[in-house]
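# Architecture and fold: a report
One letter stands for each residue in the lines below.
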Amino acid sequence: MTETGSLRGKTLIISGGSRGIGEAVAIRAARDGANIALLAKTAEPHPKLPGTIYTAAAAIEEAGGRALPIVGDVRDDESVAGAVAQTVERFGGIDIVVNNASAIDLTATDDIPMKKYDLMQDINARGTFALSKVAIEHLRKSENPHILTFSPPVDLAPEWFDQVGAAYTVSKFGMTILTLGFARELAADGIAANTLWPRTSIATAAVRNLLSEEMLRGARSADIMSDAAYAVLTKPAAEFTGRCLIDDDVLAAEGITDFEPYRAEPGTGPLELDFWMRWPDRSPGR
């Protein structure tokens, strides 16, 4: 892809990141020689999902970056503050915050337990707010500071609630609204705040456990999100902020025209749209 800059020497703090999209973003940054702090709970292997915060850190180092794995919980204020402090102590500052940690449950309102509702609000919206807030004082010292949140554009078309429960919807839309608020509040500081969301299903390890082989053929790999995130995070922060971005739109603007290499499985069938997504007129790789 066309590089718009470099993350060499930049310091990222990523919530989650022990696997999936967060790990892919970290490894892409590491290939430039970035410093990456991971704040995640996954210290021990999951019985069904490969990867821990330590295997992700090893992959970052192997790719050419420097890693700081921090076992912690984005729901806990002291844990968040401690992770930011450790990152600054180890790497001298913070240039980029990536709000990747997220919980998902699509259950409709009458069936979802309040415990699950609270979990999603605490990790998704509140976690985004907490990590971004604590990092602001350090972002102000960066030459090109960015906040990037993995959440969708806010689309209130009623038919979406036929597929996605109100509880999950409000937690993800909350992440977006907060990020747009950050963009406005921090504009004078030159801190960019944008959201990024995949057009299609992404075949992470967790998703692979849920989808059939047929549906996997309609998914893309996490590389499309990591490449799109890289393009966003290397742009001039003062000029590129307050946007709700879609992965293939970002890459199309970078000159990418062939999206077939991003398919998770070889095939020519239709791609599976992610939540809240429609095909644009351009329809890349459809």
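Now for a look at the structure at hand. Worth saying up front: this structure is predicted, and the values here are computed from it rather than measured.

### A word on the overall build of the chain
- Broken down by element type, the chain carries nine helices and seven strands.
- Relative to its length of 286 residues, the chain is compact, with a C-alpha radius of gyration of 18 Å against a globular reference of 19 Å.
- Taking the principal axes of its C-alpha atoms as reference, the chain extends roughly 45 × 45 × 40 Å.
- Expressed as a percentage of its 286 residues, the buried residues of the chain come to 55%.

### With respect to helix α8 (residues 223-233)
- Taking burial as the measure, the 11 residues of α8 include 10 buried ones, the bulk of the element.
- Listed in full, the buried residues belonging to α8 are I224, M225, S226, D227, A228, A229, Y230, A231, V232 and L233.

### Focus on the pairing of strand β6 (residues 192-197)
- Counting buried positions over the six residues of β6 gives six, a clear majority of the element.
- Burial along β6 is two-sided: A192, N194 and L196 and A193, T195 and W197, pointing in opposite directions, are all buried.
- Direction of pairing for strand β5 (residues 146-149) relative to β6: parallel, over a ladder of four bridges. What sits directly across from L148, in β6, is N194.
- You can see the chain leave β5, run along helix α5 (residues 166-185) and come back into β6, and the turn it takes is right-handed.

### Quick notes on the pairing of β5
- Where burial is concerned, the two faces of β5 agree: the one with H146 and L148 and the one with I147 and T149 are both buried.
- Across four bridges, strand β4 (residues 96-99) lies against β5 in parallel orientation. Each residue of the ladder has a partner; that of V98, found in β5, is L148.

Each value, and the rule that gives it
- Residues numbered from 1 in each chain as written.
- Predicted model: local features only at pLDDT ≥ 70, side-chain atom pairs only at ≥ 80, totals over all residues.
- Heavy atoms only, no water.
- Helix = DSSP H or I, 4+ residues; strand = E, 2+ residues; numbered from the N terminus.
- Rg over C-alpha atoms; globule rule 2.2 N^0.38 Å.
- Buried < 20%, exposed > 50% of the residue type's maximum accessible area, 1.4 Å probe, protein only.
- Pairing = 2+ DSSP bridges.
- Right-handed = clockwise from strand over helix to strand, strands pointing away.

Purely geometric stuff here, so don't read any function into it on its own.
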